[in-house]
Amino acid sequence: CSFEDASFEDVKFKDCSFKSGVVVSGSDYSTVEFEKVNFDGPIRGGEFQRGTFVKVDFEDATFEGQAYFDQATIRGSNFQGATFEESATFRETVFTGEICFRDAGFQHDALFQDSFEPAEDGRLEKVDFGNCYFQGKASFSGSSNESRAFADSEVNFTGVRLSPRAELQFRYADLSQCRFLRTN
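Residues numbered from 1 in each chain as written. Predicted model: local features only at pLDDT ≥ 70, side-chain atom pairs only at ≥ 80, totals over all residues. Heavy atoms only, no water.

Visitor: Please give an account of the side chain of S141 that cites residues and values.
Guide: Tracing the chain through its elements places S141 in strand β17 (residues 137-141). Residue S141 is classed as buried on the basis of its relative accessible area of 8%. When residues no more than four places from it in sequence are discounted, the contact partners of S141 are F112, Q113, D114, S115, A149, R171 and Y172. (Helix = DSSP H or I, 4+ residues; strand = E, 2+ residues; numbered from the N terminus. Buried < 20%, exposed > 50% of the residue type's maximum accessible area, 1.4 Å probe, protein only. Contact = heavy atoms within 4.5 Å.)

Right under this line is the structure:
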């Protein structure tokens, strides 16, 4: 299924499955909901690279294959309760507004590399990873001391659970407004 370079506004996908892999590279989404959507495919579970997502809702979505959000712009979006069954990558992803990953499950690596950095076109206000479950490596990094992840942003890691093989890594990250209460 390919929506490459497409534009969507005020669209709702609910309780459905994309079985052939999803490619939305370079697409623009504004106020789009992917509620309880299953992304499955023989190639990749979801290629969302270089897309723009404004107030997009992936609540309770399941990504059965690898999910790529590399070089995407994500503004005020929701991944609450999403399940990433393979690795999820958010390399050089620009996040602005409020971003919610609360109750999400990452069954393999979650790489937020050169992400959550200060952006020219908006401010990252709040990020919520509360009650997430990480089973692989979760890496959060900015690109340099001058461009730190989570700079001047409220970040919640309260209640995060880690499997015995999981690890949290932070590099070039501003943790001055981070909460880690009840995180194992």
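There's plenty left to go through after this.
Visitor: Now, about the pattern of salt bridges: what can you tell me, with residues and values included?
Guide: Applying the stated criterion across every chain yields a total of 3 salt bridges. Of the charged contacts in the structure, one is a salt bridge between D70 and R91, with a shortest N-O distance of 3.9 Å. With D70 in the loop between β8 (67-68) and β9 (73-75) and R91 in the loop between β11 (88-89) and β12 (94-100), the pair connects residues that are 21 residues apart, well separated along the chain. By relative accessible area, which is 10% here, D70 ends up buried. According to the relative accessible area criterion, R91 is partly exposed, its value standing at 33%. A salt bridge links R102 to D128, with the shortest nitrogen-to-oxygen separation between them at 3.0 Å. Pair noted here: R102 is in the loop between β12 and β13 (105-106) and D128 is in strand β15 (residues 124-128), with a separation of 26 residues, a long-range link. On the basis of relative accessible area, D128 is assigned to the buried category, the value being 14%. (Salt bridge = Lys/Arg side-chain N within 4 Å of Asp/Glu carboxyl O.)

Visitor: Can you lay out the pairing of β17 for me, pointing to particular residues and giving the numbers?
Guide: Counting buried residues along β17, 4 of its 5 residues qualify, which places the element largely inside the surrounding structure. Examined bridge by bridge, strand β14 (residues 110-113) and β17 share 4 bridges and lie parallel to one another. Bridged to F112 within β17 is F140. Relative to strand β20 (residues 167-171), β17 runs parallel, the two sharing 5 bridges. By the bridge assignment for β20, S141 is matched with R171. (Pairing = 2+ DSSP bridges.)

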